Amino acid sequence: MEHKALTWVTVILWTKRPEYWAFARFAIWFLFWHSQREGSGTMLDVAMIAPCGMNCALCVAYQRTKNNCAGCHRGDESKPAHCVKCTIKHCMHRDKHTYCYSCEKYPCRRLRQLDERYQKNYHMSMLENLGQIRDKGLSSFLASEETMWTCNSCGALLCVHKKLCDHCKAPR
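Residues numbered from 1 in each chain as written. Predicted model: local features only at pLDDT ≥ 70, side-chain atom pairs only at ≥ 80, totals over all residues. Heavy atoms only, no water.

Novice: Describe the packing of aromatic side chains, with residues and values.
Specialist: Enumeration according to the criterion identifies two aromatic pairs in this entry. Considering the side-chain rings of Y99 and Y101, the 6.1 Å spacing of their centres and the 10° angle between planes classify their relative orientation as stacked. Note on Y99: relative accessible area 8%, which makes it buried. Judged by its relative accessible area of 24%, Y101 is partly exposed. Arranged with centres 4.9 Å apart and planes meeting at 55°, the rings of Y118 and Y122 form a pair that is tilted. Of the two residues, Y118 and Y122 are both situated in helix α5 (residues 109-122); the distance of four residues between them amounts to about one turn of the helix. There is no split in this pair, since Y118 and Y122 are both buried. (Phe/Tyr/Trp six-rings, centres within 6.5 Å; stacked < 30°, edge-to-face > 60°. Buried < 20%, exposed > 50% of the residue type's maximum accessible area, 1.4 Å probe, protein only. Helix = DSSP H or I, 4+ residues; strand = E, 2+ residues; numbered from the N terminus.)

Right under this line is the structure:
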């Protein structure tokens, strides 16, 4: 699809008709933006699942258009300060475990506090996420995340930190 769309954009630009150039610029921007969201870094990407069970693709910092965060497992360049210094990500037990559920301290005080805050404010549980990953596997977890966090009205990816869909303003 992207290849065909780029071909049409090229044709439009070669027509030398300025009334089509705004559309071509928009199409190029959209294809670039879309390509940044596809493949690695999408909701179904294992690398987007943080050690605590958070799906980073659902985070407002990941979904924003300027200075967006690339997720817990990627570089710290545009991450919010609290994510850079996250005590769970930098836990001394983490080098032995990919996810917190396999740690002998699970669930630790910090993870329980984070889970409590997310349950209260966003109706999402990190401990439930980790339990599902442990019991059913990452594939099952990612499939349920896609169902749960896709807007029923427009099909866009929802944000855990917002009550409305960013695209169509429907409640999540």
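Novice: Would you mind going over unusual backbone geometry in detail, with residue names and values included?
Specialist: At the junction of Y106 and P107, the peptide bond is cis and its omega measures out at -15° in the coordinates. Looking at the element boundaries, P107 is found in the loop between α4 (81-84) and α5. Phi angles above zero are rare outside glycine, and H123 is one such case at about 55°. By the secondary structure assignment, H123 is in the loop between α5 and α6 (126-136).

Novice: Can you lay out the nonpolar core for me, pointing to particular residues and giving the numbers?
Specialist: Ranked by size, the top nonpolar core spans 33 residues in total, and within it C52, M54, L111, Y118, M124, M126 and V160 carry the most contacts. Broken down by secondary-structure element, the contributors of at least two residues to this core are α3 (60-63), α5, α6 and α7 (138-148). It is α5 that contributes the most residues to this core, four residues altogether. The contact partners of C52, leaving out residues within four places of it in the chain, are I88, C100, L111, L114, M126 and L130. (Core = buried A, V, L, I, M, F, W, Y, C linked by side-chain atoms within 4.5 Å. Contact = heavy atoms within 4.5 Å.)

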